[in-house]
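Observations on the three-dimensional arrangement
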Amino acid sequence: MKNITTRNFRILCDFMEIREFMVEIYERDWRNGAPAPFLEYALSSDWMDKSYTHRNRIWEEDGRIVAFCFMENPVSDIYFSIRPGYEELVDEMMDYAEHDMPRMDGQQRFVLFESQDAALRAAEKHGYAKLFGYNEMVYDFREPLEYLLPEGFQFVEPGKASVEKIMECCWKGFDHEQTEGPWNGEAEGGYYLLAAPHATAEYGVIVENAEGDYVCYAGMWWTPENNLAYMEPLCTIPEYRGKGLAAAALSEMYRRMKPLGATHMTGGDNLFYKKIGFEPCIGWTFWQKKSC
């Protein structure tokens, strides 16, 4: 008989153990839950509200983590990570999430991956309905990625990047100028991200133009335990899109990561990834409680 205990997550002392748990249960299709960099990137970013992280919940057997229920962004999106052999905990986890995890405007969603069979069945049993889904693509390093950088651009030498220029590139690259105005020069969020315990900024790829402006950026959270090149984020500033810079950046990422032992790299769900050879791998689904 399993001796299961539960406790709430303590961000100052539990993160390292949670990361180890997520590394241990990792599968390429995320059948046991999201990979370790997914959570660490969020907790280390200024776009995530961390005021509710104490609501995250840990399940343990004799001191060993076997399940974890947590939020990301928005805080009302709830994720479930379960060690194989402990799928029976998912009903209890969903009960906890429904009653104790955050909501926004009274709403809450369960984020489940298509390969999480037990969680999908439990969601339906608990009265949840699938709202929508998409398929995130992954690049298999058995095939080379060989897009060339166009003339007039170059890669910034690893280890010599400017945090301020990266932050400006991301601000423009994620179209914040259109909705929030010009970048204000605030780069502290970038330095905060660099301080993450497992940040691997040295493997990021930056493209600059002839004037030295950063115009495309691909971040990397190298997870050697899983041979995982977790690529996040990727952006190109608007006036430089359509020139092949992102494809060249990911090709350079491939060249840097493959010799380290990486076997695959995460991407996204848009056609850009499919065009350069990424393949569907991770099915995301979003569930909400049915209306009475």
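Residues numbered from 1 in each chain as written. Predicted model: local features only at pLDDT ≥ 70, side-chain atom pairs only at ≥ 80, totals over all residues. Heavy atoms only, no water.

1. Re the nonpolar core
C69, F80, M94, F110, L112 and W284 are the most contacted members of the largest nonpolar core, which has 57 residues in total. It is strand β3 (residues 64–71) that contributes the most residues to this core, seven residues altogether. Apart from the residues within four sequence positions on either side, M94 is in contact with F80, F110, L112, A119, A122, A123 and H126. By size, the runner-up hydrophobic cluster in this structure holds 38 residues, among which are Y139, A218, L245 and A262. (Core = buried A, V, L, I, M, F, W, Y, C linked by side-chain atoms within 4.5 Å. Buried < 20%, exposed > 50% of the residue type's maximum accessible area, 1.4 Å probe, protein only. Helix = DSSP H or I, 4+ residues; strand = E, 2+ residues; numbered from the N terminus. Contact = heavy atoms within 4.5 Å.)

2. Observations regarding the pattern of salt bridges
A full pass over the atoms with the stated rule returns 20 salt bridges. Close ionic contact of D91 with K125 constitutes a salt bridge, the shortest N to O distance being 3.2 Å. Note that D91 is positioned in helix α3 (residues 90–100) and K125 in helix α4 (residues 117–125), a separation of 34 residues in sequence. The exposure class of D91 is partly exposed, given its relative accessible area of 24%. Given the relative accessible area of 61%, K125 is considered exposed. (Salt bridge = Lys/Arg side-chain N within 4 Å of Asp/Glu carboxyl O.)

3. A closer look at the packing of aromatic side chains
A full pass over the atoms with the stated rule returns 28 aromatic pairs. Centroid distance F80 to F110: 5.1 Å. Interplanar angle 80°. Geometry classified as edge-to-face. In this pair, F80 is assigned in strand β4 (residues 77–82) and F110 in strand β5 (residues 109–113), connecting sequence segments 30 residues apart. Residue classification places F80 among the buried positions, given a relative accessible area of 1%. By relative accessible area, which is 0% here, F110 ends up buried. Measuring from centroid to centroid gives 5.8 Å for F153 and Y240, while their planes differ by 85°, and the two rings are edge-to-face. With F153 in strand β7 (residues 153–155) and Y240 in the loop between β10 (228–236) and α8 (245–257), this residue pair connects regions lying 87 residues apart in the sequence. When sorted by exposure, F153 lands in the same class as Y240, which is buried. Joined through ring pairs, the aromatic side chains of F9, W30, F38, F68, F70, Y79, F113, F132, Y134, W284 and F286 make up one cluster. For K2, the ring lying beneath its charged end belongs to Y86, and the centroid distance is 4.1 Å. (Phe/Tyr/Trp six-rings, centres within 6.5 Å; stacked < 30°, edge-to-face > 60°. Lys NZ or Arg CZ within 6 Å of the ring centre and 35° of its normal.)

4. As for the state of the cysteines
Applying the stated rule across the entire model yields zero disulfides. Its sulfur unpaired, C170 is 4.0 Å from the next cysteine sulfur, which belongs to C235. No disulfide involves C216; its sulfur sits 6.6 Å from the nearest other cysteine sulfur, which is in C169. (Disulfide = S-S within 2.5 Å.)

5. Section: the environment of C69
Looking at the element boundaries, C69 is found in strand β3. With 21 residues separating them in the primary sequence, C69 and V90 have C-alpha atoms 9.4 Å apart. Discounting chain neighbours no more than four positions away, the residues touching C69 are N56, R57, W59, I78, Y79, F80, M93, Y96, A97 and M101.

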